[in-house]
Amino acid sequence: MLNEFKGFIAKGNVMDMAVGIIIGAAFTAIVSSLVADLINPIIGLVIGGIDFSNLYVVLSGDVPAGSSLDAAREAGAAVFAYGSFIMAIINFLIIAFVVFMLVKQVNRIKDATAKKEEEAAPAAPAGPTELDILMEIRDSLKK
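Just so you know, these numbers come straight off a predicted model, no measurement behind them. (Residues numbered from 1 in each chain as written. Predicted model: local features only at pLDDT ≥ 70, side-chain atom pairs only at ≥ 80, totals over all residues. Heavy atoms only, no water.)

Engineer: What should I look at first to understand the overall build of the protein chain in this one?
Structural biologist: Each helix and strand counted, the protein chain has five helices and two strands in total. Along its sequence from the N terminus, the protein chain presents helices and strands in the succession α-α-β-α-β-α-α. A globule of 143 residues ought to have a C-alpha radius of gyration of about 15 Å, yet the protein chain, at 30 Å, is considerably larger. Along the first, second and third principal axes, the C-alpha set of the protein chain runs to 105 × 55 × 25 Å. Across the 143 residues that make up the protein chain, the buried fraction comes to 11%. Of all intrachain contacts in the protein chain linking residues separated by at least 6 positions in sequence, the fraction that spans at least 24 positions is 47%. For the protein chain, the accessible surface area stands at approximately 11600 Å², while carbon and sulfur atoms represent 68% of it. A distance of 11 Å separates the average location of the 11 positive side-chain charges in the protein chain from that of its 15 negative side-chain charges. (Helix = DSSP H or I, 4+ residues; strand = E, 2+ residues; numbered from the N terminus. Rg over C-alpha atoms; globule rule 2.2 N^0.38 Å. Buried < 20%, exposed > 50% of the residue type's maximum accessible area, 1.4 Å probe, protein only. Contact = heavy atoms within 4.5 Å. Areas by Shrake-Rupley, 256 points an atom, 1.4 Å probe, with all protein chains shown as cover. Lys, Arg positive; Asp, Glu negative; His and termini not counted. Charge placed at Lys NZ, Arg CZ, Asp CG, Glu CD.)

So, in structure tokens, the structure goes:
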């Protein structure tokens, strides 16, 4: 059973998946930082510094007027935090767009590399066509 497990782990698909997950986690940190530290502040400047994450409606409980979402939650109030949901949607759209642009660039580079390799590869010699083979068989049968 141990040898079977070793064989399973050593398969290329499992190792490729593990590497992909590790790289994906590191890439997630980079993209999250890009969005949180570079893109969101620019969007905040464009829309006038509005921070959606503190928009909420108090469903029950007493909360002083103008309190932040964290203060309302600490006061024990039941809150409908729709602003956090809006920020999650905005962050998702930004991250999805950034990943789309990165994948698009990687595919463009990969296509350019494949095109160069294709041009550099010598052309395969053309073999006989089906018609040539049939004509050769016909001529052989006539003899």
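Engineer: I would appreciate a short explanation of the nonpolar core in the present structure.
Structural biologist: Within soluble globular proteins, side chains that are nonpolar generally end up buried alongside one another. Counting residues in each nonpolar core, the largest one holds six residues, listed as Tyr56, Leu69, Ala72, Ala77, Val79 and Ala81. Here Ala81 is in contact with Leu55, Tyr56, Leu69 and Arg73, once residues within four sequence places are set aside. (Core = buried A, V, L, I, M, F, W, Y, C linked by side-chain atoms within 4.5 Å.)

Engineer: Help me understand the packing of aromatic side chains in this model?
Structural biologist: The relation between two aromatic rings is expressed through the spacing of the ring centres and the mutual angle of the planes. For the coordinates displayed, the defined rule picks out one aromatic pair. Taking 6.5 Å as the distance between ring centres and 35 degrees as the angle between the ring planes, the aromatic pair formed by Phe80 and Tyr82 counts as tilted. (Phe/Tyr/Trp six-rings, centres within 6.5 Å; stacked < 30°, edge-to-face > 60°.)

Engineer: Whenever I open this one, the pattern of salt bridges confuses me. Can you help?
Structural biologist: Pairs can form between side chains of opposite charge whenever their charged atoms are close. If you walk through the whole model with that rule in mind, you get one salt bridge. Here Asp139 and Arg138 are joined by a salt bridge, their closest N and O atoms 3.2 Å apart. With a relative accessible area of 36%, Asp139 lands in the partly exposed category. (Salt bridge = Lys/Arg side-chain N within 4 Å of Asp/Glu carboxyl O.)

Engineer: Just checking my understanding: could you explain helix H4 (residues 82-120) for this structure?
Structural biologist: Residue pairs three or four apart in sequence face the same way in an α-helix, which turns once every 3.6 residues. For H4, built from 39 residues, the straight-helix expectation of 57 Å at 1.5 Å per residue is met to within 8% by its first-to-last C-alpha distance of 57 Å. Along H4, the residues classified as buried are Gly83, Met87, Ile94 and Val98. (Expected span 1.5 Å × (residues − 1).)

Engineer: When you look at a nonpolar patch on the surface in this model, what are you seeing that I'm missing?
Structural biologist: A cluster of nonpolar side chains, contributed by Leu2, Phe5, Phe8, Ile9 and Met15, occupies part of the molecular surface with about 500 Å² of accessible area. Counting residues per element, the nonpolar patch draws most heavily on helix H1 (residues 2-10), at four residues. If you trace the backbone, Phe5 turns up in helix H1. (Patch = residues over 30% accessible without salt bridge, like charges linked within 9 Å, V, L, I, M, F, W, Y side chains within 5 Å.)

Engineer: How should the environment of Ser60 be read in this particular structure?
Structural biologist: Structurally, the position occupied by Ser60 is in strand E1 (residues 57-60). Residues Ser60 and Ala77 lie 17 residues apart in sequence; the distance between their C-alpha atoms is 5.7 Å. Setting aside residues no more than four positions away along its own chain, Ser60 makes contact with Ala77 and Ala78.

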